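Report on the structure
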Amino acid sequence: MQKHCSVMRAAIDKYNMIEESDKIAVGVSGGKDSLALLFGLVNLRRYYPKKFDVAALIVDPCFEGIPSDYSSIEAYCKEQDIPCTIRRTELYNIIFEEKKAESPCALCARMRRGILHNMAKEQGCNKLALGHHSEDAAETFLMNLLNGGVAECFRPVTYLSIKDITVIRPMIFCDEQKIVSLAERYDFPVVKSLCPMDKNTERERTGNLIKELSLKYPDLKTKLLGALERGSISGW
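Summarised in this report is the structure supplied together with it. Because the structure is predicted, anything quoted here is derived from the model rather than measured. The residue numbers shown here count from 1 along each chain, following its written sequence. Local features in this predicted model are restricted to residues of pLDDT 70 or higher, and side-chain atom pairs are both shown and tallied only at a pLDDT of 80 or more, whereas totals for entire chains, interfaces and linings draw on every residue. Heavy atoms throughout the structure, all of them, feed into the side-chain values; hydrogens and water do not.

**Digging into the side chain of D22**
Let me state the cut-off plainly: Counting from the N terminus, the helices are DSSP H or I runs at least four residues long and the strands are E runs at least two residues long. Polar contacts, as used here, are pairs of N or O atoms within 3.5 Å; protein pairs need one atom able to donate a hydrogen and one able to accept it. Residues neighboring in sequence count only if both atoms are side-chain atoms. Should any heavy atoms of two residues lie within 4.5 Å, those residues are considered in contact.
Examined against the element boundaries, D22 turns out to sit in strand β1 (residues 22-27). Within polar-contact distance, the side chain of D22 engages the side chain of K127 at 2.7 Å. In contact with D22, other than residues within four places in its own chain, are M17, K51, F52, D53, N126 and K127.

**Things to note about helix α5 (residues 104-122)**
Stated precisely, the cut-off is as follows: By this rule, a helix spans an expected 1.5 Å times one less than how many residues it contains. Here's how the labels work: a residue is buried when its accessible area is under 20% of the maximum for its type, exposed when over 50%, partly exposed in between, all with a 1.4 Å probe on protein chains only.
Between its first and last C-alpha, α5 extends 27 Å over 19 residues, near the 27 Å set by a 1.5 Å rise per residue. Restricting attention to buried positions, one finds in α5 the residues P104, L107, C108, L116, H117, M119 and A120. Where α5 terminates, the next one or two residues include G124, which has phi positive at roughly 75°.

**Considering the packing of helix α2 (residues 32-44) against helix α3 (residues 71-79)**
As a reminder of what qualifies: Only C-alpha atoms enter the line fits that serve as axes; for helices the fit covers just the stretch in contact. Angles between N-to-C directions range over 0 to 180 degrees. Angular relationships are summarised with four words: roughly parallel below 35 degrees, roughly antiparallel beyond 145, roughly perpendicular across 65 to 115, and oblique for the angles in between. The residue classification treats Ala, Val, Leu, Ile, Met, Phe, Trp, Tyr, Cys and Pro as nonpolar and Asp, Glu, Lys and Arg as charged. All others, Gly included, are polar.
Between α2 and α3, whose axes approach to 12 Å, the crossing angle comes to 5°. Looking at the two axes, α2 sits roughly parallel to α3. Here L35, L38, F39 and V42 of α2 lie close against α3, whose contacting residues are I73, Y76 and C77. Taken together, the residues of the contact of α2 with α3 sort by class into seven nonpolar, no polar and no charged.

**What to know about the packing of aromatic side chains**
Under the convention used in this document: Each pair of aromatic rings taken from Phe, Tyr and Trp, with Trp reduced to its six-membered ring, is defined by centres within 6.5 Å and is described as stacked if the planes are under 30 degrees apart, edge-to-face if over 60, and tilted in the remaining cases.
Counting across every chain of the model gives six aromatic pairs. On the numbers, 6.1 Å between centres and 80° between planes, the contact of F63 with Y92 is edge-to-face. Placement of the pair is F63 in the loop between β2 (52-60) and α3 and Y92 in helix α4 (residues 91-98), with a sequence separation of 29 residues. The class for Y92 is buried, based on a relative accessible area of 7%. An aromatic cluster is present here, built from F39, Y76 and F188 joined pairwise through their rings.

**Some details on the side chain of S34**
With respect to the helices and strands, S34 occurs in helix α2. For S34, the side chain forms a polar contact with the main-chain oxygen of G31, separated by 3.3 Å. Setting aside residues no more than four positions away along its own chain, S34 makes contact with V26, G27, V28 and S29.

**Notes on the pairing of strand β6 (residues 165-168)**
Under the convention used in this document: Pairing between two strands is assigned when DSSP locates at least 2 bridges connecting them.
On β6, burial covers both faces: I165 and V167 on one face and T166 and I168 on the other are all buried. Across four bridges, the pairing between strand β5 (residues 157-160) and β6 is antiparallel. The residue of β6 that forms the bridge with V157 is I168. The antiparallel pairing of β5 with β6 creates a hairpin that spans four residues between the two strands, and D164 there sits at a positive phi of about 55°.

**Thoughts on the pattern of salt bridges**
Applied cut-off: In what follows, salt bridge is the name for a side-chain nitrogen of Lys or Arg lying within 4 Å of a carboxyl oxygen of Asp or Glu.
In total, this model carries 14 salt bridges according to the counting rule given. K221 is the partner of E135 in a salt bridge, and the nearest nitrogen-oxygen pair spans 3.1 Å. Here E135 is found in helix α6 (residues 134-148), whereas its partner K221 is found in helix α9 (residues 220-230), with 86 residues between them in sequence. Look at the salt bridges and you will find they share partners, linking K32, D33 and E176 into a network.

Below is the structure:
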């Protein structure tokens, strides 16, 4: 966990993600990535020179109309004295039943983020932390290039003036496989996704493409991330 926190801190310090007295809402989906972010921030706040508070926010899409069980995450938050708020939603019905969206993942992500922004403000938080890691960054960069013809990625830090909240991504330097190992070692209370699109998304396909291309072009992920930083693309 210490090494994981060190990698997170490198990103936090480089992009000035945390300031004194910040109250940081963590978007928790129940997956390994968001839990690694939550656990990392909880441990980091014990010794980070700038004092900050953490709150967990969960948006439940209620897949198939059934609420997910987040009791194990609630129990962890209680042990750590962290506020944990769950918002049950109609996202599944809206996206898959009513709109029958052609790109359900993109629509779901936008709607979920909007709900998280509102929840963060309701909890008095000035920042929202999301669990994107280095593979997510490389995939997003390549997806935007291949599908939209634009050299763009999500930003490490984004200030949303409409909501007056800052979105941070402290795990952008973290490797996914190391997060997998961390989750297994510390037995993260992962909540299995019931999304019908799970493992069948454009992001999944792009990730597989990067793995295939890496056989011919070694360290492709590192090169994509390097291109983001050297080109100062999207605030990197």
